[in-house]
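Okay, here's what each chain looks like letter by letter:
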Amino acid sequence: MGTSLIFADLFLLFSIICTKPLIEWRRIEIENGYIVIFKRFYNSLKINILESVHEVVIKDKDIRSFRFRYGNNYIQVSPVIYKNGDEMAKTIIDYIDKYNIVVEVVTPRI
C-alpha cells in the first residue's frame, strides 16, 4: 500500500508540473500606451503604462522584468520569457523615455 501511495503522489506531482504552463499561459500585447495581458482562464488585464509602471529590474545590464501597479497589487512582466521579449522591452523603455516617466531601477542581490 505504501508504494502505490508514492506512485500516486509522483503521478500527481508530475501532472501538476506538466499542466501548470498550460493553465498559466499568457500573451502580452502593447497598444496605444497600454500593456494588455491575456491569460488562458482569466479575464485580460489592460494596464496604462504611463500610470502604472513602477520598477524595472536589471541584472547584468539586461532588463529582467517590469513591475506594474494594478490596483492594490503589483504585476511583474518578464520579457526574457517571451518570444519577442526584446521588442516588448524596447517598446516599454521607449514609452518610458518618451513621457519622461520616473521609475525605480532595481538590481537583484545575488
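It should be noted that the structure appears before, not after, this text.
The paragraphs below set out a description of the structure included in this document. Per-chain numbering applies: the sequence of each chain, read as written, is numbered from 1 onward. Local features in a predicted model are, by the rule used here, given only for residues with pLDDT of at least 70; side-chain atom pairs are given and counted only at 80 or more, and totals for whole chains, interfaces and linings are based on all residues. Based on all heavy atoms of the structure, the side-chain values leave hydrogens and waters out of the count.

With respect to the sheet that holds strand E1 (residues 26-31)
By definition, two strands form a pair when at least two bridges between them are found by DSSP. Labels follow the DSSP assignment, with helices taken as runs of H or I lasting at least four residues and strands as runs of E lasting at least two, numbered in each case from the N terminus. The three strands are arranged E1-E2-E3 in an open sheet whose pairing can be described as antiparallel. Both outer strands of the open sheet, E1 and strand E3 (45-48), are each paired with one neighbouring strand and no more. On average, each strand axis in the sheet is inclined to that of its neighbour by 20 degrees, with strand direction left out of account. Looking at chain direction, strand E2 (residues 34-39) and E3 are connected through four bridges and run antiparallel. Within E3, the residue paired with tyrosine 34 across the bridge is asparagine 48. The angle between two axes is taken between their N-to-C directions and runs from 0 to 180 degrees, where each axis is a line fitted to C-alpha atoms and a helix contributes only its stretch in contact.

Focus: the sheet that holds strand E5 (residues 62-70)
Sheet strands pair by backbone hydrogen bonding; their relative direction is either parallel or antiparallel. Reading across from one edge, E6-E5-E4-E7 is the order of the four strands in this open sheet, with mixed pairing throughout. With partners counted over all chains shown, the strands left at the sheet margins are strand E6 (73-77) and strand E7 (104-106), one partner each. Averaged over neighbouring strand pairs, the angle between their axes works out to 25 degrees when direction is ignored. Bridge count between strand E4 (residues 53-59) and E5: six bridges; the pairing is antiparallel. In the strand pairing of E5, valine 53 is matched with phenylalanine 68. What makes two residues a contact is simply this: any of their non-hydrogen atoms within 4.5 Å. Taken strand by strand, helix H3 (residues 85-98) contacts E4, E5 and E6, and its axis lies near 60 degrees from that of E5.

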